[in-house]
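Residue-level structural notes
So the chains spell out like this:
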Amino acid sequence: MIGVVFCFRGYLGYNGNMKEKIIKFCDYIIETIILALIFFLPLYFSFFYNPLSNFIIQPAIDRAVFFKVSVALLLFLTLVKVLLVKRLEILVNKKHFLIIIPYFFVLTLATIFSVDAHTSFWGSYFRQQGFLSHIYYLAFFVLLSVNIRTRSQIERIINVIV
């Protein structure tokens, strides 16, 4: 354990600015994960989805798991960064959140009063698109609004999309 801490301190250059270096490292990993999600999910779907094939179950599951694990990792790194900075800034217009709130309210009601609440919450095995997936989509939106701050980051995302 001492060797790992020593290597970590040596990698970041322990000179009193440890907090800033950890924040920069978290920002770098967060942006890398966001760009990887935006680039690899459509690419994975386009290469492994064959509409003429009867076997389309596995790519949907792999894609959903990749997205959910990536969003969970983004959430963890953002929480580490927020705990170190001790402030949270969301750079999104409040109108965007006012549109999302009624959608999730109706989605929650539909899940609660559904005929098959289990499938409504978790989604089917084939599609993995239940209420839980929508919570991950909301978390990804909020994490994007917290972590994307500069015009250069937006330009990198547009370059990855194009």
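Below: a short report on this structure. Per chain, the residues get numbers from 1 upward, laid out in the order the sequence is written. Reporting of local features is limited, given that this is a predicted model, to residues whose pLDDT is at least 70; pairs of side-chain atoms are given and counted only at 80 or more, and all residues count toward the totals for whole chains, interfaces and linings. Water and hydrogen atoms were dropped before computing side-chain values, which therefore reflect all heavy atoms in the structure.

**Some details on the overall build of the protein**
As a reminder of what qualifies: The helix count covers DSSP runs of H or I at least four residues long, the strand count covers runs of E at least two residues long, and both are numbered beginning at the N terminus. The cut-offs for exposure are 20% and 50% of the maximum accessible area for each residue type, with area from a 1.4 Å probe on protein chains only; residues under the lower value are buried, those over the upper are exposed, and the others partly exposed. Whether two residues are in contact is decided by their heavy atoms: any pair within 4.5 Å suffices. Here the accessible surface of atoms and residues is derived via Shrake-Rupley with a 1.4 Å probe, and residues count as covered only by protein chains that are part of the display.
Along the protein, the regular secondary structure elements total seven helices and zero strands. Ordered by position from the N terminus, the helices and strands of the protein form the series α-α-α-α-α-α-α. Taking all 162 residues of the protein together, 25% fall into the buried category. Of all intrachain contacts in the protein linking residues separated by at least 6 positions in sequence, the fraction that spans at least 24 positions is 69%. Counting every atom, the protein has about 11,600 Å² of accessible surface; 71% of that belongs to carbon and sulfur.

**Describing the packing of aromatic side chains**
Using the following cut-off: Geometry of aromatic contacts follows a simple scheme: Phe, Tyr and Trp rings, the Trp one being its six-membered ring, pair when their centres are within 6.5 Å, and the pair is stacked under 30 degrees between planes, edge-to-face over 60, tilted otherwise.
Scanning the entire structure with this criterion turns up seven aromatic pairs. Both rings, one in Tyr103 and one in Phe104, keep their centres 5.4 Å apart while their planes meet at 90 degrees; by these two values the pair is edge-to-face. According to the relative accessible area criterion, Tyr103 is partly exposed, its value standing at 42%. Note on Phe104: relative accessible area 13%, which makes it buried. Relative to Phe131, the ring of Phe121 lies with its centre 6.0 Å away and its plane at 40 degrees, an arrangement referred to as tilted. On the criterion of sequence distance, the pair formed by Phe121 in helix 5 (residues 117-122) and Phe131 in helix 6 (residues 131-147) is long-range, its members being 10 residues apart.

**Remarks on the environment of Arg149**
Heads up, the rule is: A 3.5 Å cut-off defines polar contacts: any pair of N or O atoms within that distance qualifies, except that in protein one atom must be a possible hydrogen donor and the other a possible acceptor, and neighbouring residues in sequence count only when both atoms are side-chain atoms.
Locating Arg149 in the fold gives a position in the loop between helix 6 and helix 7 (151-161). Separated by 57 residues in sequence, Arg149 and Val92 have C-alpha atoms that sit 10.0 Å apart. Here the side chain of Arg149 touches Val146 through a polar contact of 3.3 Å, landing on its backbone oxygen.

**Structural notes on helix 6**
In an α-helix, one full turn covers 3.6 residues, which means residues spaced three or four apart are oriented alike. Rules: In a helix, the anticipated span is given by 1.5 Å times the number of residues less one.
The first and last C-alpha atoms of helix 6 sit 24 Å apart over 17 residues, in line with the 24 Å expected at 1.5 Å per residue. Within helix 6, burial applies to Phe131, Leu132, Ser133, His134, Phe140, Leu143, Ser145, Val146 and Asn147.

**Quick notes on the side chain of Gln153**
Along the polypeptide, Gln153 turns up in helix 7. Within the structure, the side chain of Gln153 is placed 3.2 Å from the backbone nitrogen of Thr150, a separation counted as a polar contact. When near neighbours in sequence (up to four residues on either side) are disregarded, Gln153 contacts Glu31, Asn147 and Ile148.

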